[in-house]
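Structural characterization, general
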Amino acid sequence: MTPETRRSGARRVLPGFGLTLGYTMVYLSLIVLIPLSAVFFRSLGLGWGHFWEVVTAPRVTASLRLSFGASLIAALINAVFGLIVAWVLVRHTFPFKRLADAIVDLPFALPTAVAGIALTALYAPNGWLGSLLGRWGIQVAFTPLGIVVALTFIGLPFVVRTLQPVLEDLDKEVEQAAATLGASAAQTFARVILPALWPAMLTGFALSFARAVGEYGSVIFIAGNMPMKSEIAPLLIVTKLEQYDFAGATAIAVVMLVLSFAIMLGINAFQHWALTRHGGR
Amino acid sequence: MAAAETRIPRPLPKTGRLVLIAVALTFLGLFLVLPLLVVFVQALSKGVSAYASAISDPTAWAAVKLTLLVAAIAVPFNLVFGVAAAWAIAKFEFRGKSALITLIDLPFAVSPVIAGLVFILLFGAHGWFGGTLRAHHIRVVFAVPGIVLATIFVTFPFIARELIPVMQAQGKDDEETAVSLGATGWQTFWRVTLPNIRWGLMYGVLLCNARAMGEFGAVSVVSGHIRGLTDTMPLHVEILYNEYSYAAAFAVASLLALLALLTLAGKGFLEWRQPELRHAARRARWRENS
């Protein structure tokens with residue numbers, strides 16, 4: 001597995017290759033690879049029948065459906081509004097623009113537990129937004145809607161920060177040419193801008209989705225955590241651990257890991273495909 | 001610039017532009033600014049003296065100290081790793097490099113809860129090494145070592161992924177010159193490489209530290225929630241909140257929110273010192289795959 005160099009020039013001036021790569025591999029194995037493999041080995045001990053029984057239990061499938069479903073909705077919201085935010089930040093000038101740009105990273109910097117209690121306070125029936133929405137009969141906190149709100153908060157920077165560099169590199173003159181030739185704003189967007197942006201959009205969407213699926217801290221406060229209704233998969237893992245049901249916790253973890261890795265590999269393969277097809281950007 | 005704007009038709013009319021800006025700012029305001037604001041308002045809802053006493057509570061202080069301790073161990077570990085990985089990846093060509101970069105990013109794809117579970121399965125009472133650890137009276141899970149390990153796992157990629165593109169952009173000419181003039185490897189690193197990458201290094205440390213101090217899910221699973229002993233600041237916020245001590249929970253949370261604001265300010269400063277740092281990691285990922 002250890003990669004060896006192509007000794008093309010047979011000349012390596014700088015020292016430290018063996019030391020740094022060796023250290024990297026050892027540290028990576030000790031901290032990440034071996035511990036993660038423990039989850040897979042433990043699930044092998046379950047046997048296929050037991051594993052399947054755990055994973056297809058109604059409470060487990062309900063939590064997985066909720067985690068993936070709410071993450072999907074949140075990632076879609078972020079794809080739309082993230083594009084608008086990124087567009088406005090790259091293309092337009094307005095007061096406090098630097099501040100607006102800086103605050104986009106807040107979900108990266110703010111501990112998830114803090115985000116969780118803050119969103120709950122906002123959307124609780126007596127909160128600033130909760131009381132407002134309550135008049136329309138909409139309840140957000142302690143319902144699946146609250147989960148979507150928390151996951152939208154968590155995922156926003158992924159879309160904005162993936163789109164920004166691509167938008168900065170996008171040639172303004174092509175749009176101006178389209179406008180000069182009589183294209184409407186909508187036509188220019190659909191025919192000129194979107195084709196150039198969608199690989200980055202899909203990447204941002206997938207990153208925000210992947211982060212949302214595993215998210216725990218910001219969700220558990222606002223979710224209500226009712227089994228079968230508003231209980232996300234990571235919370236079910238914690239619940240099973242607290243009941244010393246290691247087999248159950250491990251089985252759910254394996255399902256989540258396999259799905260997350262598939263998404264991550266998908267993103268990489270997709271970027272590779274998009275960039276070789278559309279040329280390096 | 002103004003002249004050009006009048007001559008070339010703009011794809012988007014002025015009203016459209018204003019609507020877009022309004023939508024973006026409303027979205028940011030509702031989803032990001034309000035939650036931040038509510039933390040401070042709730043923290044001070046019982047008055048300044050209640051705030052002060054919530055923060056000076058001994059268990060709150062124990063949580064602050066533990067959080068600082070965990071970050072002070074986890075960040076240097078990942079810093080050394082980040083520098084080593086970036087040196088190997090940026091200065092040398094070898095097969096499997098992009099696979100290695102993907103593996104370094106792996107912890108990003110793992111739910112924090114699963115990161116915690118992993119260490120329970122390894123070091124817990126029923127874990128692989130549980131018996132050995134008990135025989136030697138070493139506690140890892142439900143103790144500080146477990147919290148540190150889970151934090152290292154979760155923050156593992158942060159410094160490496162910022163440093164790799166920075167070092168790649170520097171190239172290796174400076175280092176090769178130094179070595180050909182007779183400098184040793186360490187001299188080259190300390191005198192040539194380190195000054196070149198110092199802003200990128202600080203950038204990675206800043207982001208890594210923010211996550212290390214704020215991590216909740218992974219730490220929550222391995223901590224055991226022993227008040228005053230294995231209780232980090234985010235966990236302490238949860239305990240207070242679940243006890244319905246809302247003002248106290250938000251008081252501790254406000255300290256973490258201040259840390260977040262400081263992190264954003266530091267990030268802004270470093271990006272101002274070295275604009276390439278902005279988006280460096282994401283740009284590199286695009287290039288890597290092309």
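Residues numbered from 1 in each chain as written. Chains lettered and ligands numbered in written order. Predicted model: local features only at pLDDT ≥ 70, side-chain atom pairs only at ≥ 80, totals over all residues.

1. Remarks on the overall build of chain A
What chain A contains, in helices and strands, is 13 helices and zero strands. For chain A, the α and β elements follow one another from N to C terminus as α-α-α-α-α-α-α-α-α-α-α-α-α. Across its three principal directions, the C-alpha atoms of chain A cover 75 × 65 × 30 Å. Every one of the 281 residues in chain A was classed for burial, and the buried ones make up 46%. Restricting the contact set of chain A to residue pairs at least 6 apart, pairs at least 24 apart contribute 77%. (Helix = DSSP H or I, 4+ residues; strand = E, 2+ residues; numbered from the N terminus. Buried ≥ 20, exposed ≤ 12 C-beta atoms within 10 Å, placed from the backbone. Contact = placed C-beta atoms within 7 Å.)

2. Some points on the domain arrangement of chain A
All names here are of chain A. Partitioning chain A into domains gives domain 1 (14–44) and domain 2 (47–278). Computed over C-alpha atoms, the centres of domain 1 and domain 2 are 29 Å apart. Listed as interface residues are four residues of domain 1 and, on the opposing side, six residues of domain 2. Taken together, the residues that form the side of domain 1 that touches domain 2 break down as two nonpolar, one polar and one charged. (Domains from an automatic or database assignment. Nonpolar A, V, L, I, M, F, W, Y, C, P; charged D, E, K, R; others polar.)

3. A look at the interface of chain B and chain A
Quoted interface sizes are often the accessible area lost when the parts come together. Tallying the contact residues gives 89 residues for chain B and 86 residues for chain A. Of all the elements, helix H2 (residues 14–43) of chain B adds the most residues to the side of chain B that touches chain A, at 18 residues. Class assignment for the residues of the side of chain B that touches chain A results in 61 nonpolar, 15 polar and 13 charged.

4. Some words on the packing of helix H9 (residues 157–170) of chain B against helix H11 (residues 185–214) of chain B
How two helices sit against one another is set out by the angle between their axes and by the gap between those axes. Residues and elements named next belong to chain B. Where H9 meets H11, the closest approach of the two axes is 8 Å, and the angle between their N-to-C directions is 165°. Overall, the two elements H9 and H11 adopt an arrangement that is roughly antiparallel. The handedness of the crossing between H9 and H11 comes out as right-handed. On the side of H9, the interface is formed by Phe 158, Ile 159, Glu 162, Leu 163, Val 166, Met 167 and Gln 170, while H11 contributes Asn 196, Ile 197, Gly 200, Leu 201, Tyr 203, Gly 204, Val 205, Leu 207, Cys 208 and Arg 211. Split by residue class, the contact of H9 with H11 holds eleven nonpolar, four polar and two charged. (Axes fitted to C-alpha atoms, helices over the stretch in contact; angles between N-to-C directions. Parallel < 35°, antiparallel > 145°, perpendicular 65-115°, else oblique. Left-handed = near helix turned anticlockwise from the far one by under 90°.)

5. What about unusual backbone geometry?
Residues apart from glycine generally show negative phi values, whereas peptide bonds are mostly found in trans. All names here are of chain A. Phi is positive for Phe 96, close to 60°, though the residue is something other than glycine. Tracing the sequence through the fold places Phe 96 in the loop between helix H3 (58–91) and helix H4 (97–103). The exposure class of Phe 96 is exposed, given the 10 C-beta atoms found within 10 Å. Phi at Met 228 is positive, roughly 75°, even though this residue is not glycine. For Met 228, the location among the structural elements is in the loop between helix H11 (217–223) and helix H12 (233–242).

6. Considering the confidence of the model for chain B
Detailed reading of the predicted coordinates is not advisable wherever pLDDT falls low. Residues and elements named next belong to chain B. Residues at a pLDDT of 70 or more form 93% of chain B, whose mean pLDDT is 90. For the stretch residues 1–6, pLDDT sits under 50, and the model shows one contact to residues farther than four places along the chain or on other chains. On the interface metric, ipTM, the complex scores 0.91, and its pTM is 0.91. (pLDDT = per-residue confidence, 0-100.)

7. Some words on helix H13 (residues 233–242) of chain B
Residue and element names in this part refer to chain B. Within H13, eight of the ten residues are buried, which leaves it mostly tucked inside the rest of the structure. Within H13 the residues assigned to the buried category are Met 233, Pro 234, Leu 235, His 236, Val 237, Glu 238, Leu 240 and Tyr 241. Of the residues flanking the end of H13, it is Tyr 244, one or two places downstream, whose phi is positive at about 65°.

8. Observations concerning the nonpolar core
In this structure, Val 114 and Ile 117 of chain A together with Ile 114, Leu 117, Val 252 and Ala 253 of chain B are the most contacted members of the largest nonpolar core, which totals 176 residues. Ranked by residue count, the leading element in this core is helix H4 (residues 58–91) of chain B, at 16 residues. When residues of this core are sorted by domain, at least three fall in each of domain 1 (14–44) and domain 2 (47–278) of chain A. (Core = buried A, V, L, I, M, F, W, Y, C linked by C-beta atoms within 7 Å.)

9. Some points on H12 of chain A
Residues and elements named next belong to chain A. Counting buried positions over the ten residues of H12 gives seven, a clear majority of the element. Three or more residues of H12 are buried, namely Ala 233, Pro 234, Leu 235, Leu 236, Ile 237, Lys 240 and Leu 241. Where H12 terminates, the next one or two residues include Tyr 244, which has phi positive at roughly 60°.

10. Quick word on the environment of Pro 157 of chain A
Residue and element names in this part refer to chain A. Checked against the element boundaries, Pro 157 lands in helix H8 (residues 144–169). Taking the C-alpha atoms as reference points, Pro 157 and Asp 105, separated by 52 residues in sequence, lie 5.8 Å from one another. Setting aside anything within four residues of it in sequence, one finds Pro 157 in contact with Val 104, Asp 105, Pro 107 and Phe 108.

11. Digging into the confidence of the model for chain A
Residue and element names in this part refer to chain A. Here chain A averages 89 in pLDDT, while 95% of its residues score no lower than 70. When pLDDT is averaged over each element of chain A, helix H6 (residues 112–123) comes out on top at 97 and helix H9 (residues 172–180) at the bottom at 82. Confidence drops under a pLDDT of 50 for residues 1–10, and excluding neighbours within four residues, the segment shows twelve contacts in the predicted structure.

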